[in-house]
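Spelled out, the chains give:
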Amino acid sequence: MTIFNLGSINADHFYRLPHLTLAGETLAATGYDRGLGGKGANQSVAAARAGAVVRHIGATGADGAWMRAELAADGVDCAHVAEVDLASGHAIIMVDAAGENSIVLFPGANRAVPPTAVETALAGAAAGDWMLMQNETSAQIEAVALAKARGVKVAYSAAPFEAEAVRKVLADLDLLLLNAVEAAQLCEALGTTLEALPVPAVCVTHGAKGAVWHDLAGKTAQEQPAFKVTPVDTTAAGDTFAGYLVAGLAEGMTPPEALRLAAGASALKVTRAGTAAAIPTRAEVDVFLQDR
């Protein structure tokens, strides 16, 4: 099965700091690095490193050739990543001594994905494939409609969170991924409970506490505790979880099996600094899980 990922592609600029900056404060960074990022790119890398066939749909500016090359080096098909007349998306990521982060995001080309790129990519999709999305690109509604017309399952990682963006696609999703704060915000915005959301399944992550798979169709819940590790950098932990989770499901795993795989991958990720480049391989995750 193939995972089609309509997702952002960003240049991540990392600044290591003694602590996250306060209002009006000027603080010297203790370190700097640049790498491939964006929720979409991170999730494509995670799914590909989990062993899935991944085709990325997105856009960069002319300055994004190195980002497309890094995605391709991880085995991600970038044939449907358009080059547009805008600067590529980028993020300023500040990470403190405890591994917590604060992020400033410039969407850039990610908000100018040509609808034709989505149409052309999904022309090759078939029933049983998955489409993965996040709220960092344009063309989301169009992509969901095209995916559902072809029998493709849709997983939506609702971040950065915007209740209206979720509402517009919610009825056509097969899987909604949220963190605990986002889940509470969505239910409040829609005036409903999580159990009453019109989607077959919701996976809610709870940070260091783990994750819960809510089978709303079957009215059951499956908990997956987080694995205890010493965190270095929590950036992209959620993206690693999402990419591995959908890859596991596309592989034919049951939700509990896919949850455990995703939890292992995200645990390993937080022990490493960085975003896409720091996402573990499937072999590393399998070894990590052998002893747990």
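Residues numbered from 1 in each chain as written. Predicted model: local features only at pLDDT ≥ 70, side-chain atom pairs only at ≥ 80, totals over all residues. Heavy atoms only, no water.

Per an unreviewed UniProt entry, the recorded name for the chain is Ribokinase, and the organism is Rhodobacter capsulatus. Its UniProt record, at the heading Sequence similarities (unreviewed entry), says of the chain: "Belongs to the carbohydrate kinase PfkB family. Ribokinase subfamily." (UniProt positions renumbered as here; feature names shortened; annotations may be inferred.)

Student: Outline the side chain of Q140, supporting the account with residue identities and numerical values.
Tutor: Positionally, Q140 belongs in helix 4 (residues 140-149). Taking the relative accessible area as the measure of exposure, Q140 reaches 9% and is therefore buried. Within the structure, Q140 has its side chain in polar contact with the side chain of N135 (distance 3.2 Å). Of the polar contacts made by the side chain of Q140, one reaches the side chain of Y156; its length is 3.2 Å. In this view, Q140 contacts L6, R111, M133, Q134, N135 and Y156; residues no more than four positions away in its chain are not counted. (Helix = DSSP H or I, 4+ residues; strand = E, 2+ residues; numbered from the N terminus. Buried < 20%, exposed > 50% of the residue type's maximum accessible area, 1.4 Å probe, protein only. Polar contact = N/O pair within 3.5 Å; in protein donor to acceptor, adjacent residues only side chain to side chain. Contact = heavy atoms within 4.5 Å.)

Student: Could you give an account of the packing of aromatic side chains, with specific residues and numbers?
Tutor: One pass over the full model with this rule turns up two aromatic pairs. Here the aromatic rings of Y15 and Y32 are separated by 5.2 Å at their centres, their planes lie at 50°, and the arrangement is tilted. Of this pair, Y15 sits in strand 2 (residues 10-16) while Y32 sits in strand 3 (residues 31-37), placing them 17 residues apart in sequence. With a centroid separation of 5.6 Å and 90° between ring planes, the pair formed by F227 and F288 is classed as edge-to-face. Of this pair, F227 sits in the loop between strand 13 (220-224) and helix 7 (237-251) while F288 sits in helix 9 (residues 282-290), and the two are 61 residues apart along the sequence. There is no split in this pair, since F227 and F288 are both buried. Here the guanidinium or amino end of R34 rests over the ring plane of W66, the centre of that ring lying 3.9 Å away. Above the plane of the ring of F288 lies R292, whose end atom (NZ or CZ) is 3.7 Å from the centre. (Phe/Tyr/Trp six-rings, centres within 6.5 Å; stacked < 30°, edge-to-face > 60°. Lys NZ or Arg CZ within 6 Å of the ring centre and 35° of its normal.)

Student: Which residues make up helix 1 (residues 39-49), and what are the values?
Tutor: Of all 11 residues that make up helix 1, 10 are buried, and the element is covered over most of its length. Of all the positions in helix 1, only G40, A41, N42, Q43, S44, V45, A46, A47, A48 and R49 are classed as buried. Of the residues one or two after helix 1, G51 is the one with positive phi, at around 110°.

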